[in-house]
Amino acid sequence: MNIKLTHIFAPLMVVLSSCANNNTQIAENTFIHGDKIYKLIDNELREIGDLNAKEIKKFEISKPKQRDLGLASLNFVKKGAYTTLKALYRGNFLYYALKVQGLNDLRDNYQPGRITIEFIDEFGFILHSIEIPVSDLTAIVGDDGKPAEFVYNGKTEMSTEINAAIKSYDVTAGIRRKSFYGY
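Residues numbered from 1 in each chain as written. Predicted model: local features only at pLDDT ≥ 70, side-chain atom pairs only at ≥ 80, totals over all residues. Heavy atoms only, no water.

Enquirer: I'm lost on the overall build of the protein chain in this one. Help?
Expert: A tally of regular secondary structure across the protein chain gives three helices and twelve strands. In the protein chain, buried positions account for 28% of the 183 residues. The contacts in the protein chain between residues at least 6 apart in sequence include a share of 50% that link residues at least 24 apart. (Helix = DSSP H or I, 4+ residues; strand = E, 2+ residues; numbered from the N terminus. Buried < 20%, exposed > 50% of the residue type's maximum accessible area, 1.4 Å probe, protein only. Contact = heavy atoms within 4.5 Å.)

The following block contains the structure:
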């Protein structure tokens, strides 16, 4: 058995240095350093308490910010069609509002299918995806009584780490035009 001494001493040094610095982990992502309590929230270290305080401060939850993730083209379905997506992260859930524009004839001229939203990180990797049946899209009707756009409001469970890593999104669709014969 060939074990290097660094494999044995490295963990021991970490334990000894944490005792010397007076660090104590009290929960996942929460620890005490000196007389302060810190928590890692959304990849940001935040002070959440002071053990020497004479009165208890109310912990203020950070206010969520709505993010506009921009446009994604649906030119592969119909020229000029696109989606917009806005999202808000709160309590392990990503709430999102998807708008599909330029496919006003979706229900008349296209077969039932699915739209997939793919959340992408800065390196182009897909971190999370959601499938939405076209039948679940809600038509917003214009003055002429015909669909002007389609919308979908939903939520998906997601970790804070994945949410923090999302930089953009893309849309894929399994939507095909109906044939001349109606199927």
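Enquirer: So what exactly am I meant to see when it comes to the sheet that holds strand β5 (residues 67-73) here?
Expert: Sheets are built from strands paired through backbone hydrogen bonds, the pairs being either parallel or antiparallel. Spatially, five strands are ordered β5-β6-β7-β11-β10 in an open sheet, and the strand pairing comes out antiparallel. Looking at the sheet topology across the chains shown, the edges are occupied by β5 and β10 (138-141). On average, each strand axis in the sheet is inclined to that of its neighbour by 25°, with strand direction left out of account. The sheet contact formed by β5 and strand β6 (residues 82-90) spans five bridges and is antiparallel. Counted as the bridge partner of Ser73 is Tyr82 from β6. (Pairing = 2+ DSSP bridges. Axes fitted to C-alpha atoms, helices over the stretch in contact; angles between N-to-C directions.)

Enquirer: Where do I start with the pairing of strand β1 (residues 23-27) in this structure?
Expert: When a strand is regular, its side chains alternate between the sheet's two faces. Across four bridges, β1 lies against strand β2 (residues 30-33) in antiparallel orientation. Bridging from a neighbouring strand, Ala27 pairs with Thr30 of β2. Hairpin remark: β1 followed by β2, antiparallel, with two residues in the connecting loop; positive phi at Asn29, about 65°.

Enquirer: Could you clarify how one ought to interpret the packing of aromatic side chains in this entry?
Expert: Any two aromatic rings considered together are summarised by their centre-to-centre distance and by the angle between their planes. Counted by the stated rule, this structure contains two aromatic pairs. Taking the centre distance of 6.4 Å and the plane angle of 50° together, the rings of Phe93 and Tyr95 count as tilted. Looking at Phe93, the relative accessible area reads 25%, which means it is partly exposed. A ring pair is formed by Tyr96 and Tyr152, whose centres lie 6.2 Å apart and whose planes are at 35°; its orientation type is tilted. (Phe/Tyr/Trp six-rings, centres within 6.5 Å; stacked < 30°, edge-to-face > 60°.)

Enquirer: Got a minute to help me understand the sheet that holds strand β8 (residues 114-120) in this structure?
Expert: Ordered by their spatial adjacency, three strands build an open sheet running β9-β8-β12, and the pairing between neighbours is antiparallel. Only two strands of the sheet have a single partner each, and these edge strands are β9 (126-133) and β12 (168-173). Going across the sheet, the axis of each strand differs from the next one's by a mean of 20°, ignoring polarity. Sheet topology places β8 next to β9; seven bridges connect them, and they run antiparallel. Residue pairing across strands places Ile120 opposite Ile126, the latter belonging to β9.

Enquirer: Looking at this model, I keep getting lost on the environment of Phe119. Mind explaining?
Expert: By the element assignment, Phe119 lies in strand β8. The class for Phe119 is buried, based on a relative accessible area of 0%. Distance in space between the C-alpha atoms of Phe119 and Ile162 is 9.1 Å, their sequence separation being 43 residues. Ignoring any residue separated from it by four or fewer positions in sequence, one finds Phe119 in contact with Leu69, Leu85, Leu94, Phe125, Ile126, Leu127, His128, Ile130, Met158, Ile166, Ser168 and Tyr169.

Enquirer: Whenever I open this one, the pairing of strand β7 (residues 93-101) confuses me. Can you help?
Expert: Relative to β7, β6 runs antiparallel, the two being bridged by nine bridges. The residue bridging Ala87 from the neighbouring strand is Tyr96, located in β7. Count of turn residues in the β6/β7 antiparallel hairpin: two residues, of which Gly91 carries a positive phi of about 60°. In terms of strand pairing, β7 meets strand β11 (residues 147-157) through eight bridges, oriented antiparallel. If you follow Leu94 over to β11, its bridge partner there is Thr156.

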